[in-house]
Amino acid sequence: MPLNTDYKNAPAYKFFESICRIPHGSGNEKAIADYVEAFAKERGLYSYRDSFDNVLIRRTATPGYENKPAVLLQGHLDMVCEKVPGLEFDFLRDAIQTEERGGWLYAKSTTLGADDGAAVAIMLAILDDNDYKSPAIECLFTTSEETALVGATNFDYTKINARRMINIDTEEEGEAVAGSAGGVRCRITRKLEREALTDGVKAVKITVGGLKGGHSGTDIALGRTSACVTMSKLLKLLGDRITIVQILGGNMDNAIARDCVAVVVCDDTAPVFDIVRDYETTLKAKVIEDDSAVFVTAEEVSADSVMTKELSISVVALANELLHGVYAMSRDMEGLVESSANFASFKEENGQIMITMSCRSSVAPSLANMKETIEEKARANGFEVKFEGEYPGWQYCPDSELIQIFKETYKKTSGEEGRVVAIHAGLECGLIKAAIPDMDILSIGPTIRDAHTPNEHMEIGSFIRLYDLVREMINA
């Protein structure tokens, strides 16, 4: 559909612009929670805020609508903070700068935060419309969804009265999600042991970059290359020629790594440069079109110390044993990933080298098996493993009333047939369903592409239409 040139005056869009001016990366949601709480107080609406900065707002039913079912709208306040390499941008202080290109809204070289600022904006716009007649509406704004679903895990759900819930955290207009995967984060660590450099060795900095990245759930089946996996394979190929000084790459657990840098030492740089050059040529011939800008470079640098040889060997060995990508496809729904793993990052933290991963599965025993396999491989290479933030899957329910409401309402508002699917990404819906078993839940959203990357962009028209769809669904 063509974009209405007056979109900047749309109520939800105005709130989205305001949200972009407030830094709100995961773990830094206080300011945006302040904003949402102040919004409620200024309008005389009930609000509750807990110690995790979750905010619940209630709007009472319009006279004549008291007997219609109350509806809970839900989304998260935080965003993934990613930027292009070298960009001077502080996610703790700087506002997201947006621009429209061909009907799509982008940020300037950073993530946009439409995931999940779109939900926050739509909820605030609906609450703000005094002329909108509706049953009781509850809006739950949760925190740190992108890291470990921290807010949703710790919220007191006895405060929720509604038994219909519309989650606004998916990324395809006309598609409603009625089931999602469970998951867990993995922290694989070992003490960082270093020693002095021997005379005559030279240091080389190897960089893998230019990769597309993407969401580790929704994009994992697309075949996009992980920079951390790519670097691991290259270091294995270099073998005994090198010892690692440092390896850093990737960022968020739920993002496919776009870049990775390793500094290594060697006696002779010539074969290292040759192998790197040949590796780049082979890699470019193998990657999918999305990753066609990939590059692998090597340059001489200086170094003061190096990992012990035994630790360097163990890092390379483990990194090449940890699987990345799709483990299994669903036998119940064609095209749906059942189980996957994301090799998210190499980091140094508190005197340790750390590999982070995220695992997902819609089948609990499969998730347990992945955890067991990771732990076995890690311990065999001298590493410790800690699993964090495990959350349940959300089982598809074909008898959901909200499924029928979505289909009828989407047909009414768009003239097209809506689709109902399950997804491999993790949503807060599973946690909320576990806390309130009789809650009927459906998840919808605008069309968003390349979430969790600096190329994240949202189709503006789909966002404007979503606002109208949600309003219609509340009153169905």
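Heads up: the structure comes first, above all this text.
Residues numbered from 1 in each chain as written. Predicted model: local features only at pLDDT ≥ 70, side-chain atom pairs only at ≥ 80, totals over all residues. Heavy atoms only, no water.

Visitor: Go over the overall build of the protein chain with me, naming the residues and quoting the values.
Guide: Helix and strand counts for the protein chain stand at 12 helices and 25 strands. Taking the principal axes of its C-alpha atoms as reference, the protein chain extends roughly 85 × 45 × 40 Å. A buried classification covers 55% of the 476 residues belonging to the protein chain. In the protein chain, the proportion of contacts linking residues at least 24 apart, taken out of those at least 6 apart, comes to 78%. On the protein chain, roughly 19900 Å² of surface is accessible, and the fraction owed to carbon and sulfur atoms is 47%. Placing the 50 positive and 74 negative side-chain charges of the protein chain at their respective mean positions leaves the two points 1 Å apart. (Helix = DSSP H or I, 4+ residues; strand = E, 2+ residues; numbered from the N terminus. Buried < 20%, exposed > 50% of the residue type's maximum accessible area, 1.4 Å probe, protein only. Contact = heavy atoms within 4.5 Å. Areas by Shrake-Rupley, 256 points an atom, 1.4 Å probe, with all protein chains shown as cover. Lys, Arg positive; Asp, Glu negative; His and termini not counted. Charge placed at Lys NZ, Arg CZ, Asp CG, Glu CD.)

Visitor: An account of the pairing of strand S1 (residues 46-49) is needed here, citing residue identities and associated values.
Guide: Sheet topology places S1 next to strand S2 (residues 55-59); four bridges connect them, and they run antiparallel. In the sheet register, Ser 47 faces S2, and the bridge partner there is Ile 57. Following S1, the chain reverses through five residues before pairing antiparallel with S2; Asp 53 in that reversal takes a positive phi of roughly 70°. (Pairing = 2+ DSSP bridges.)

Visitor: Outline the environment of Leu 442, listing residues and values.
Guide: Along the chain, Leu 442 falls in strand S23 (residues 440-444). As a C-alpha pair, Leu 442 and Ile 166 span 276 residues in sequence and 5.2 Å in three-dimensional space. Excluding residues that lie within four positions of it along the chain, Leu 442 makes contacts with Met 165, Ile 166, Asn 167, Ala 176, Val 177, Ala 178, Trp 394, Leu 402, Ile 403, Phe 406 and Met 473.

Visitor: An account of unusual backbone geometry is requested, with residue identities and associated values reported.
Guide: Residue Asp 116 is reached from Asp 115 by a cis peptide bond, and omega for that bond is 15°. Residue placement: Asp 116 occurs in helix H3 (residues 114-128). Phi at Leu 149 is positive, roughly 50°, even though this residue is not glycine. The residue Leu 149 is located in the loop between helix H4 (145-148) and helix H5 (150-154) in this model.

Visitor: How would you explain the nonpolar core if you had to name every residue and give the values?
Guide: Counting residues in each nonpolar core, the largest one holds 65 residues, and the members touching the most others are Leu 73 and Phe 141. It is H3 that provides the largest number of residues to this core, a total of 11 residues. Those residues in contact with Leu 73 that lie beyond four places of it in its chain are Met 123, Ile 126, Ile 137, Glu 138, Cys 139, Leu 140, Ile 166, Val 470 and Ile 474. Formed by 51 residues, the second largest nonpolar core is a distinct cluster that contains Val 184, Leu 238, Met 370 and Ala 378. (Core = buried A, V, L, I, M, F, W, Y, C linked by side-chain atoms within 4.5 Å.)

Visitor: Lay out the pattern of salt bridges in plain terms, naming residues and giving numbers.
Guide: Think of it this way: side chains of opposite charge can pair up when their charged atoms draw near. Under the definition given, this model contains 33 salt bridges. Across the salt bridge formed by Arg 164 and Glu 401, the nearest N and O atoms sit 2.9 Å from each other. A residue pair is termed long-range when its members are at least 10 positions apart, and Arg 164 in strand S7 (residues 164-168) and Glu 401 in helix H10 (residues 401-414) qualify at 237 residues. Across the pair Asp 253 and Arg 185 runs a salt bridge, and its minimum N-O distance is 3.7 Å. Of the two residues, Asp 253 is situated in the loop between strand S13 (242-249) and strand S14 (255-256) and Arg 185 in strand S9 (residues 182-191); the sequence distance between them amounts to 68 residues. (Salt bridge = Lys/Arg side-chain N within 4 Å of Asp/Glu carboxyl O.)

Visitor: Requested: an account of the pairing of strand S15 (residues 260-266), with residues and values cited.
Guide: For S15, the buried fraction is high: six of the seven residues fall into the buried class. Relative to S15, strand S11 (residues 202-209) is paired through seven bridges, and the arrangement is antiparallel. Its bridge partner lying in S15, Ile 206 is registered against Ala 262. As judged from the seven bridges shared by S13 and S15, these two strands associate in the antiparallel manner. Bridge assignment links Ile 242 to a residue of S15, and that residue is Cys 266.

Visitor: Describe in detail the side chain of Thr 111, supporting the description with residues and values.
Guide: Residue position: Thr 111 is located in the loop between strand S5 (104-107) and H3. For Thr 111, the side chain forms a polar contact with the main-chain oxygen of Val 80, separated by 2.6 Å. Thr 111 has contacts with Met 79, Val 80, Cys 81, Glu 82, Phe 91, Ile 96, His 452, Thr 453, Pro 454 and Glu 456, leaving out every residue within four places of it along the chain. (Polar contact = N/O pair within 3.5 Å; in protein donor to acceptor, adjacent residues only side chain to side chain.)

Visitor: I'd love a proper account of the sheet that holds strand S4 (residues 98-101), names of residues and values included.
Guide: Spatial ordering of the open sheet is given by S4-S5-S25-S24, a layout of four strands whose pairing is antiparallel. Each end of this open sheet is capped by a strand with a single partner; those strands are S4 and strand S24 (448-449).

Visitor: Can you explain the packing of helix H1 (residues 11-20) against helix H12 (residues 460-474)? Please cite residues and give values.
Guide: At a closest axis distance of 9 Å, the pairing of H1 and H12 adopts a crossing angle of 120°. You can see that H1 and H12 cross each other, and the crossing is right-handed. Contacts between H1 and H12 involve Pro 11, Ala 12, Tyr 13 and Phe 16 from the former and Phe 463, Ile 464 and Tyr 467 from the latter. Partitioned by chemical class, the residues of the contact of H1 with H12 number seven nonpolar, no polar and no charged. (Axes fitted to C-alpha atoms, helices over the stretch in contact; angles between N-to-C directions. Left-handed = near helix turned anticlockwise from the far one by under 90°. Nonpolar A, V, L, I, M, F, W, Y, C, P; charged D, E, K, R; others polar.)

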